[in-house]
Amino acid sequence: MSEPVLEIRNLNVDYGLGDQAVHAIRDVSLTLHRGEVLGLAGESGSGKSTLAYGTTRLLPPPGVITGGEVIYHPEKGDPYDVLGLTDRQLQAFRWAETAIVFQGAMNSLNPVHKISTQLTDVLRAHDPRMSENSRNARAREMLKLVGIAPDRMDAYPHQLSGGMRQRVMIGMALILQPQVVIMDEPTTALDVVMQRQILGQLVELRERLGFSVIFITHDLSLLVEFSNRIAIMYGGRIVEEAPAAAIYRDALHPYSSGLLGSFPALRGPRRELTGIPGSPPDLKGMPSGCSFHPRCPKAFEPCSSKIPVLTPHGDRSVACWLVES
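Residues numbered from 1 in each chain as written. Predicted model: local features only at pLDDT ≥ 70, side-chain atom pairs only at ≥ 80, totals over all residues. Heavy atoms only, no water.

Taking an unreviewed UniProt entry as the reference, the chain is identified by name as Dipeptide/oligopeptide/nickel ABC transporter ATP-binding protein belonging to Actinoplanes lobatus. As stated in UniProt under Sequence similarities (unreviewed entry), the record for the chain gives "Belongs to the ABC transporter superfamily." (UniProt positions renumbered as here; feature names shortened; annotations may be inferred.)

A separate point is the side chain of threonine 50. Looking at where threonine 50 falls in the secondary structure, it is placed in helix α1 (residues 48-55). Other than its neighbours up to four places away in sequence, threonine 50 contacts Val13, Tyr15, Ala24, Ile25 and Leu59. (Helix = DSSP H or I, 4+ residues; strand = E, 2+ residues; numbered from the N terminus. Contact = heavy atoms within 4.5 Å.)

What follows covers the sheet that holds strand β7 (residues 180-184). In space, the 8 strands of this open sheet follow the order β6-β7-β8-β3-β9-β10-β12-β11, with mixed pairing throughout. Lying at the two open borders of the sheet, with one neighbouring strand each, are β6 (98-101) and β11 (311-313). Adjacent strand axes in the sheet meet at a mean angle of 20 degrees, parallel and antiparallel pairs treated alike. Bridge count for β6 against β7 is 4 bridges, and the pairing is parallel. Note that in β7 the partner of isoleucine 100 across the bridge is isoleucine 182. (Pairing = 2+ DSSP bridges. Axes fitted to C-alpha atoms, helices over the stretch in contact; angles between N-to-C directions.)

On to the state of the cysteines. For the coordinates displayed, the defined rule picks out 0 disulfides. In this structure cysteine 290 is not part of a disulfide, and its nearest cysteine sulfur, from cysteine 303, lies 6.0 Å away. Using a relative accessible area of 12% as the deciding quantity, one classes cysteine 290 as buried. (Disulfide = S-S within 2.5 Å. Buried < 20%, exposed > 50% of the residue type's maximum accessible area, 1.4 Å probe, protein only.)

Another aspect to go through is the pairing of β7. Within β7, 5 of the 5 residues are buried, leaving the element largely enclosed by the surrounding structure. Where burial is concerned, the two faces of β7 agree: the one with Val180, Ile182 and Asp184 and the one with Val181 and Met183 are both buried. Here 5 bridges tie β7 to strand β8 (residues 212-217), and the two strands are oriented parallel to one another. In the strand pairing of β8, valine 180 is matched with serine 212.

Time to look at helix α5 (residues 132-145). The terminal C-alpha atoms of α5 lie 20 Å apart, and with 14 residues this matches the ideal 20 Å at 1.5 Å per residue to within 8%. Burial in α5 covers these residues: Arg135, Arg138, Ala139, Met142 and Leu143. The arc that holds the buried residues of α5, viewed along the axis, is 140 degrees, so those residues lie on one side. Opposite the buried face of α5, by more than 90 degrees, sit the exposed residues Asn133 and Lys144. (Expected span 1.5 Å × (residues − 1). Arc of directions from axis to C-beta.)

With that out of the way, let us pick up the nonpolar core. The biggest cluster of nonpolar side chains holds 55 residues, and the ones touching the most others in it are Ile170, Met183, Phe215, Leu220, Ile230, Ile232 and Tyr255. Considering every element that reaches this core, the biggest residue donor is helix α6 (residues 162-174), with 6 residues. Setting aside anything within four residues of it in sequence, one finds isoleucine 232 in contact with Ala41, Leu220, Arg237, Ile238, Val239, Glu240, Ile247, Tyr255, Ser256 and Leu259. Listed in part, the 29 residues of the second largest apolar core include Leu11, Leu40, Tyr53 and Val82. (Core = buried A, V, L, I, M, F, W, Y, C linked by side-chain atoms within 4.5 Å.)

It is worth spelling out the pattern of salt bridges at this point. In the structure shown here, the tally under the stated rule is 11 salt bridges. The salt bridge partner of glutamate 141 is arginine 138, with a shortest N-O separation of 3.2 Å. Pair noted here: glutamate 141 and arginine 138 are both in helix α5, with a separation of 3 residues, about one helical turn. Classification of glutamate 141 by relative accessible area gives partly exposed; the value is 45%. Using a relative accessible area of 14% as the deciding quantity, one classes arginine 138 as buried. (Salt bridge = Lys/Arg side-chain N within 4 Å of Asp/Glu carboxyl O.)

So, in structure tokens, the structure goes:
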């Protein structure tokens, strides 16, 4: 295993304060290694995006980080806690060290500014001494890198297709050559063909530039194809983490198995989709014990009363009493 580039340690995130606070992320620990793709999967409301925004301190109000550490390991220099950075340090850290490709490119791009302006603004903010010609040349280079003709520099977002807008967002995220790129469901609004094109290009760019990726999606089939490791979230916790091939071959947590049964097999004979009965838990009133036990077909006595701890089992970690028993 390569050296870590980002370590999330016992992170806790709440929405609101006091007795009315909603505990959206609870004691989450994850390690992203240099050069790898770490997939983060789970249903809507499981805490995937909250974890990403908490890690980069982009939580919208009333989101509050109530505990934990986010340790970043730069290529040069000593590791440091992102949660302890000042505003000025945080401004230098974002985009230069860690960048985010947000969900929904049309909403992320400013509709009244040209693509060229939005690309060069990133360079202007982080390197004011860079000349205008150099900024424009770098922007054209990034567009070409993500498969867009440089002559589209003067286009507005509405003049580009959904796939092209998403490529612009990827180019914007990579323009400062960050070490970590967090992708928050970047292909959700795109058709299947465009999804595969963009993800294939992402893999090619990662191999060429060497950055690490946290890829967030509810579509486990995408992660199985494009990730090195996968972490499964449910109710604000990590319930299983394993190599992508191991998750696909033999998921140990019943929730992971349920997600796998919710999409068609990538290869082999057709099989019936099973899905997961019920709905994700209400974070305002979480069930006692394992939060998945009301929906779990294999629940037994300890599940309703004791919270399982994420425990190593060979090449993976699982939080399930079924595995412990």
